[in-house]
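Breakdown of the fold
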Amino acid sequence: MKNLIDINFDTYSDTPPGKDPDSSSPTLRRYHKVLWSKPLPNGVNFELSDDVSNAYLHHQSKMGEFYLSSDAITHTYHYTKSMEHILDQVPKAELDMFYRSTSVIGAYTVFPSKRIDRKMTINGARGLNRNIKDRFDLTLECIRRHYANEENPLGETLRRYSAFFDLFEDFAGYVDFFLLQDLVSDNYSTVKFYLPLDNFERSALPLDVAEYLTYRELVLDFVSARNQRILNSV
């Protein structure tokens, strides 16, 4: 089974030019299906199918019906206009390295993809929310607070998808299922942030080159560690 997952596979390598690996890389889709088709904390097998019409991945059992899509959980801000004044001070070769290093399976997860009441999905909400700006450490903090019934910038969206989060019973169950242990403390009580949190008051984006480089280092450390967990899991 280990041969089914290449943790160094570049998801852009089988994605058509101009397309997004989340929707267009067949290998990434297969990797998600292999990795997350496994028992939930309650023992029920979360079997995923990729042959349901208009669904990236699909699950249906006594636990309910779920439509899932892929989402990148690292962001290099490579093409973020408001970051240009910072990225212009970083060598292009380093930016390209960061971009490619986050194009492997350790940098992706799945979230529910079906809109509820015509409102945004988790993918959309975390990208557009100014307090999150697609940072996964901040997203994970919102998920932690969701399980703890604490208010957070994604609270309304996460509550809409509570049936999905209920599958994992609690925050530790969610973290363990998706192999996110390297982004939380040993007792699962806190998230390890790439940059200071300040209760979501400060900008989610790095404020200068030093912060960007710190952010980059910690993101790459997380992807590398999660890649190894993925390899060990299969």
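Residues numbered from 1 in each chain as written. Predicted model: local features only at pLDDT ≥ 70, side-chain atom pairs only at ≥ 80, totals over all residues. Heavy atoms only, no water.

Quick look at the pattern of salt bridges now. Applying the stated criterion to the full structure yields 16 salt bridges. The salt bridge involving R229 is made with D182; its shortest N-O contact spans 2.5 Å. In this pair, R229 is assigned in helix α10 (residues 209–233) and D182 in the loop between α9 (171–177) and α10, connecting sequence segments 47 residues apart. For R229, a relative accessible area of 31% translates into the label partly exposed. A relative accessible area of 26% means that D182 is categorised as partly exposed. (Salt bridge = Lys/Arg side-chain N within 4 Å of Asp/Glu carboxyl O. Helix = DSSP H or I, 4+ residues; strand = E, 2+ residues; numbered from the N terminus. Buried < 20%, exposed > 50% of the residue type's maximum accessible area, 1.4 Å probe, protein only.)

Positioned with a positive phi, K133 is a non-glycine residue whose angle comes to about 50°. With respect to the element layout, K133 can be found in the loop between α5 (122–128) and α6 (136–147). Relative accessible area serves as the criterion here: at 33%, K133 is assigned to the partly exposed category. Notably, F200 is not glycine yet its phi reads approximately 65°, a positive angle. You can call F200 buried: its relative accessible area is 7%.

With that settled, the discussion passes to the packing of aromatic side chains. Geometrically, a pair of aromatic rings is defined through the distance of the ring centres and the angle of the planes. Enumeration over the complete set of coordinates arrives at 24 aromatic pairs. Between F9 and Y31, the ring centres sit 6.1 Å apart and the planes meet at 70°, which makes this aromatic pair edge-to-face. Pair noted here: F9 is in the segment before α1 (21–24) and Y31 is in helix α2 (residues 26–36), with a separation of 22 residues, a long-range link. Residue class for F9 comes out buried when judged on its relative accessible area of 18%. Ring plane angle 90° and centroid distance 6.0 Å describe the contact between Y147 and F165, whose orientation is recorded as edge-to-face. Here Y147, found in helix α6, pairs with F165, found in helix α8 (residues 162–166); they are 18 residues apart in sequence, far enough to count as distant. (Phe/Tyr/Trp six-rings, centres within 6.5 Å; stacked < 30°, edge-to-face > 60°.)

In short, geometric facts, not functional conclusions.
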